[in-house]
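Residue-level listing of the chains:
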Amino acid sequence: MTGDTQVRIGGLSMDFSLSQEQRMFRETVYRYGRDEIAPLCEEADLKGEFSFEIWRKLASFGILGLPFPEEFGGSAANILTCCLAGEALAHAGVDGGSLLAWGAHTYLCAHNIYAFGNEDQKRKYVPKLASGEWIGCMGLTEPGSGSDAASISTTAVKKGDRYILNGSKTFITNAPVADVFVVFANINKAMKHEGITAFIIEKDTPGLTTGKPFHKMGCKCSSTSEVFLADCEVPEENILGGEGKGWFIALSGVEWDRCTLLSPMLGAALNNLDSCARYANERQQFKRPIRSFQAIQHRIADMKVFVEAIRLAVYRVASAKDNGQMLNPLQAAVSKVYAGDRGFELASEAVQIFGGYGFMHEYPVERNFRDSKRAAIGGGTSDIMRMIVSRIMMM
Amino acid sequence: MDYQLSPLEIKMQQDLAAFCRAEIAPRAKMLDSSSRPEACKYMKENLKLLSQGGCLEAGHIGDVIDLVAVYLASEEIAKACPASFLSARASTFLCAGALRLFGTPDQKQRYIPELMKAERVGAFAYSEDQAGSDMAAITTVAHKDGKTWRLDGEKNIVVNAPIADVFLVLAYSEKDADAQSGMSIFVCDKGAKGLKIEEPVETMGLRGVPMAGISMNDCVATGILGGTPGKGYEQATRILTMGKVGIAALCVGIGNACTEISVKHSKERKAFGKPIGLYQDVGFRLADMFTINDLGRMLALRAAWAINSGEQEADIMAACAKLFASEAVTKIANWGMQIFAGHGYVAGSDIERLYRDAKFGEICEGTSELQRSLIASHELDKFLPR
């Protein structure tokens, strides 16, 4: 279908196209990911450790600083372009763990400092995070506080010109390797979420320790652990955004979570689609390529439909954010729940197409399957997404 | 890139929605429960109403069809009365749209204005008893008799046939040629000699739509669409590919209607002291209904936009939209029925009618199986071994 006699009705309607520049950027990042990073991922995933080699590769290509202005060591990319980077890298075969590490570092830590920090904080932290010299993390979740994030029990008590933090955080992506921690604590529990305050804490601050990295089901190249705060003294100039501004900052993370942090899920689905389509052409059974079986074909079709749908959902959130619109909670939830639930189902179908090979670690479909479960859990579970949508509908 | 509708589009959609809610929706139940002759009468009235409300002309401009605008209008019509949308679409899009894109100046002038005003009704007759998804398998043939084309064959389910004044009929104009070069679309007027409209058929859903078979026995055609024979396959493929966006609109419209009444019921109906929508089993289903309908709409708009801009993968986008939205709406209607429970299962309830209407999308104009086949081939062929 070429649409030769059709013309675009000028200026009337929505625009789904990427600019030439964006397409070239995506292609360049894809090639870099495929040639320079993807070959390292299988072994790194098997070790189940954060890979500094992969990290340096991401850093040297400018991926870690994408959204920041040039004076802060970034390249002033808009949010859609950041999504294109995540998509292209995962499409190229970069593992979900390394890209989760990128997401937590660049958006949840560095960008929070960039967006809410004062000039000194920005100058001190953002350039080193953008270059990858320092690694950042964000600590919100606690052993007793996950989806119900407003219920955190970590406390911060003011003492002179310092705050004394006590409590513990868990499932903190990048914590075992982090140099900079953005940590949420409550300065006055009676104020509930209005007491939540964000602090920037540096690695060697007394009273701050991290636990042993967890052994995770997927996203293994991101390193995850608990963070303990025992009478941890934080200077008052390290408050991020002011007392009681933490809840707002935490919520702003949601905007990133529903686009840039989901973009690798779109990329991984593209990676699966490519590898399944290639395999179905090559693999012969009963003297014919398995692509000739409808059960295989129909899974391929479902994967393609998913890719197109989730691309729209993720780009829509990104493009709204680029246009300065407030996050639409319905659109954000659609993006998250669909990536999480349907994405996991189809990652499983990809394994199925590969049969026994798909069950083996050497095939990226196996890793993509494990990594894909993250989207239904991290940053608000699928159940929470449904709760948000149903509450709005029942209003 | 901009994923939001323009203010102009939003305004148009809101205006059409308000009109359809006031004028079309209240007649939906009546159409559904009508006898066949009554359905024909009421549907003709509905088409007139839709035309007067400006619903039919949206997106149809000169020789061009702006599918994004067509989609937006379609979704609102379908939400108000799915049957009316299907009937209107057969007349103004499949018939008048094909004339708009492929007709000779004379054909356009002769038919399009009256079809758009619903003063006449159009139909597009292509599928046959043994040729649905496999369009090349049709057996209707045409032969030339002097300057006149004469048609022989049968078309089994033709939307609008009982009320149509003009038919576009797909046939082999060269009996032994392949489909790509041997087919033509013929224009046939209602009173043509040898054209017989069969008894209207009863359907499970979309019962307001007058449907019947037609048979042609040495039937005299008025002309060939566009004037040149041999272009029928390309023309039919083209209009049916664009048509997938319309079927997606039908499905999203029905999905929207189901979701809206289900939310209302979930607020009003109480069990064990609280609205049932506050129970997660119900509330989460509402969320799922919203989610897949929203994604169906996005895919449909994406496909409409792709076709408007002549994107290379536009036909695949259209297939994705039709496949997704049609499978979404059967789930949505099913969950809606579950939420209404006994209140929905009784004949005459809105969800019961929508539940029956919803199934059509997965079946019509290329089944889900066929869409999957098409999409899969496209993806698999990218990796053909050298």
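Model, not experiment: these values are computed from the prediction.

Asks: How do you make sense of the overall build of chain B when you look at a structure like this?
Replies: Helices and strands together make up the secondary structure of chain B, namely 14 helices and 12 strands. Reported as C-alpha extents along the three principal axes, the dimensions of chain B are approximately 80 × 60 × 40 Å. Among the 386 residues that make up chain B, the fraction classed as buried is 56%. Sequence-distant contacts in chain B: of pairs separated by 6 or more residues, those separated by 24 or more amount to 75%.

Asks: Can you walk me through the overall build of chain A in this structure?
Replies: Scanning chain A from terminus to terminus reveals 11 helices and 10 strands. For 395 residues, the compact-globule estimate of 2.2 N^0.38 gives 21 Å, and chain A sits close to it at 22 Å. Principal-axis analysis of the C-alpha atoms places the extent of chain A at approximately 80 × 50 × 45 Å. Classification of the 395 residues of chain A by burial places 56% in the buried group. Of the contacts made within chain A by residues no fewer than 6 positions apart, 75% connect residues no fewer than 24 positions apart.

Asks: Whenever I open this one, the confidence of the model for chain B confuses me. Can you help?
Replies: Segments scoring low in pLDDT should not have their predicted coordinates read at a detailed level. Averaged over every residue, the pLDDT of chain B is 96; the share at 70 or more is 100%. Quick note on the complex model: pTM equals 0.95, ipTM equals 0.95.

Asks: How should the environment of B:Ser6 be read in this particular structure?
Replies: When you line up the elements, B:Ser6 lands in the segment before α1 (7–24). Residues B:Ser6 and B:Tyr111, 105 residues apart in the sequence, show an inter-C-alpha distance of 32 Å.

Asks: Whenever I open this one, the interface of chain B and chain A confuses me. Can you help?
Replies: For an interface, size is often stated in terms of accessible area lost upon the parts coming together. Contacts between chain B and chain A engage 51 residues on the former and 47 residues on the latter. Breaking the side of chain B that touches chain A down by element, the ones donating at least two residues are α1, α8 (232–268), α9 (280–308), α10 (314–340) and α14 (368–381) of chain B. For the side of chain B that touches chain A, the element with the most residues is α9(B), which contributes 15 residues.

Asks: What is the right way to look at the domain arrangement of chain A in this model?
Replies: All names here are of chain A. According to the domain assignment, chain A contains domain 1 (20–130), domain 2 (136–249) and domain 3 (258–393). Taking the mean C-alpha position of each, domain 1 and domain 2 sit 23 Å from one another. At the junction of the two partners, domain 1 supplies 25 residues and domain 2 supplies 20 residues. The set of elements that each furnish at least two residues to the side of domain 1 that touches domain 2 consists of α1 (20–47), α4 (96–116) and α5 (119–130). Here the residues of the side of domain 1 that touches domain 2 are counted per class, giving 13 nonpolar, 9 polar and 3 charged.

Asks: Can you walk me through the domain arrangement of chain B in this structure?
Replies: Residue and element names in this part refer to chain B. What the domain assignment lists for chain B is domain 1 (7–121), domain 2 (123–230) and domain 3 (234–381). Listed by partner, the interface residues are 23 residues for domain 1 and 22 residues for domain 3. Counting residues per element, the ones that place at least two in the side of domain 1 that touches domain 3 are α2 (28–32), α4 (67–80) and α5 (82–102). Among the elements that make up the side of domain 1 that touches domain 3, the one with the highest residue count is α5 (10 residues). Residues that form the side of domain 1 that touches domain 3 fall into these classes: 14 nonpolar, 2 polar and 7 charged.

Asks: Honestly, the nonpolar core in this entry has me stumped. Any pointers?
Replies: Note on soluble globular proteins: their nonpolar side chains tend to be buried together. By size, the foremost hydrophobic cluster in this structure holds 273 residues, and its most contacted members are A:Phe199, B:Val245, B:Leu299, B:Ala300 and B:Ala303. Sequence-distant contacts of B:Val245, defined by excluding residues within four places in its chain, comprise B:Leu67, B:Tyr71, B:Ala300, B:Ala303, B:Ala304, B:Ile307, B:Ala318 and B:Ala321.

Asks: Would you mind going over helix α11 (residues 382–393) of chain A with me for this structure?
Replies: Three- or four-residue spacings in an α-helix give side chains the same orientation, since the helix completes a turn every 3.6 residues. Helix length check: α11(A) (12 residues) gives 17 Å between terminal C-alpha atoms against 16 Å at 1.5 Å per residue, within 8%. Burial in α11(A) covers these residues: A:Ser382, A:Met385, A:Arg386, A:Val389, A:Ser390 and A:Met393. Taken end-on, α11(A) shows its buried residues confined to a sector of 125 degrees, consistent with a single buried face. Where α11(A) is buried, its residues meet α9 (329–358) of chain A together with α8 and α9 of chain B.

Asks: Before we go on, may I ask you to explain the packing of helix α7 (residues 263–282) of chain A against α9(A) in this structure?
Replies: A pair of packed helices is characterised by two quantities: the angle between their axes and the separation of those axes. All names here are of chain A. At their nearest, the axes of α7 and α9 sit 10 Å apart, and the two run at 20 degrees to each other. Between α7 and α9, the angle falls in the class roughly parallel. For the element pair α7 and α9, the recorded crossing hand is left-handed. Of the residues in α9, those touching α7 at Met265, Ala269, Asn272, Cys276, Tyr279 and Ala280 are Ala339, Gly343, Leu346, Ala347, Ala350, Ile353 and Phe354. Looking at the contact of α7 with α9, its residues break down into 11 nonpolar, 2 polar and no charged.

Asks: Help me understand the packing of α11(A) against α9(B), please; the structure alone is not making it clear to me.
Replies: The contact between α11(A) and α9(B) brings their axes to 8 Å, and the two run at 90 degrees. If you check the angle between α11(A) and α9(B), you find them roughly perpendicular. Residues A:Arg386, A:Val389, A:Ser390 and A:Met393 of α11(A) pack against B:Gly283, B:Phe284, B:Leu286, B:Ala287, B:Phe290 and B:Thr291 of α9(B). Residue classes in the contact of α11(A) with α9(B) are distributed as 6 nonpolar, 3 polar and 1 charged.

Asks: I'm lost on the environment of B:Arg21 in this one. Help?
Replies: For B:Arg21, the position within the fold is in helix α1. Taking the C-alpha atoms as reference points, B:Arg21 and B:Arg100, 79 residues apart in sequence, are found 29 Å from one another.

Asks: Could you clarify how one ought to interpret the pairing of strand β3 (residues 162–173) of chain A in this entry?
Replies: Walk down a regular strand and you will see the side chains alternate between the two sheet faces. Residues and elements named next belong to chain A. Alignment of strand β2 (residues 155–159) against β3, held across 5 bridges, turns out to be antiparallel. When the bridges of β3 are listed, Lys159 appears paired with Arg162. Once β2 ends, the chain turns through 2 residues before running back antiparallel as β3, passing Gly160 with a positive phi of about 65 degrees. Pairing analysis gives 9 bridges linking β3 to strand β7 (residues 224–235), with the strands arranged antiparallel. Note that in β7 the partner of Leu165 across the bridge is Cys232.

Asks: Help me understand unusual backbone geometry in this model?
Replies: Residues and elements named next belong to chain A. For Ala76, which is not a glycine, the phi torsion comes out positive at approximately 55 degrees. With respect to the secondary-structure elements, Ala76 resides in the loop between α2 (52–60) and α3 (79–91). Residue Asn174 is not a glycine yet carries a positive backbone phi of 80 degrees. Within the secondary structure, Asn174 is located in the loop between β3 and β4 (180–186).

Asks: For this particular structure, what's the right way to read the pairing of β4(A)?
Replies: Residues and elements named next belong to chain A. In terms of burial, β4 is a largely internal element, 7 of the 7 residues being buried. Where burial is concerned, the two faces of β4 agree: the one with Val180, Val182, Phe184 and Asn186 and the one with Phe181, Val183 and Ala185 are both buried. Here strand β1 (residues 136–139) runs beside β4; their pairing, made up of 4 bridges, is parallel. Considered in β4, the bridge of Gly139 is made with Val183. As defined by bridge partners, β4 adjoins strand β5 (residues 196–202) across 7 bridges and the pair is classed as antiparallel. Bridge pairing in β5 places Phe184 opposite Ala198.

Asks: Whenever I open this one, α14(B) confuses me. Can you help?
Replies: Under the 1.5 Å per step criterion, the end-to-end length of α14(B) is 20 Å for 14 residues, consistent within 8% with the ideal 20 Å. Listing the buried residues of α14(B) in full gives B:Gln371, B:Arg372, B:Leu374, B:Ile375, B:Ala376, B:Glu379 and B:Leu380. Contact partners of the buried residues in α14(B): α7 and α8 (294–322) of chain A together with α10 of chain B.

Asks: Honestly, the environment of A:Ser168 in this entry has me stumped. Any pointers?
Replies: Residues and elements named next belong to chain A. For Ser168, the position within the fold is in strand β3. Residue classification places Ser168 among the partly exposed residues on the basis of 18 C-beta atoms within 10 Å. Distance from Ser168 to Ile152, taken between C-alpha atoms, is 9.5 Å for residues 16 residues apart in sequence.

About the thresholds
Residues numbered from 1 in each chain as written. Chains lettered and ligands numbered in written order. Predicted model: local features only at pLDDT ≥ 70, side-chain atom pairs only at ≥ 80, totals over all residues. Helix = DSSP H or I, 4+ residues; strand = E, 2+ residues; numbered from the N terminus. Buried ≥ 20, exposed ≤ 12 C-beta atoms within 10 Å, placed from the backbone. Contact = placed C-beta atoms within 7 Å. Rg over C-alpha atoms; globule rule 2.2 N^0.38 Å. pLDDT = per-residue confidence, 0-100. Domains from an automatic or database assignment. Nonpolar A, V, L, I, M, F, W, Y, C, P; charged D, E, K, R; others polar. Core = buried A, V, L, I, M, F, W, Y, C linked by C-beta atoms within 7 Å. Expected span 1.5 Å × (residues − 1). Arc of directions from axis to C-beta. Axes fitted to C-alpha atoms, helices over the stretch in contact; angles between N-to-C directions. Parallel < 35°, antiparallel > 145°, perpendicular 65-115°, else oblique. Left-handed = near helix turned anticlockwise from the far one by under 90°. Pairing = 2+ DSSP bridges.

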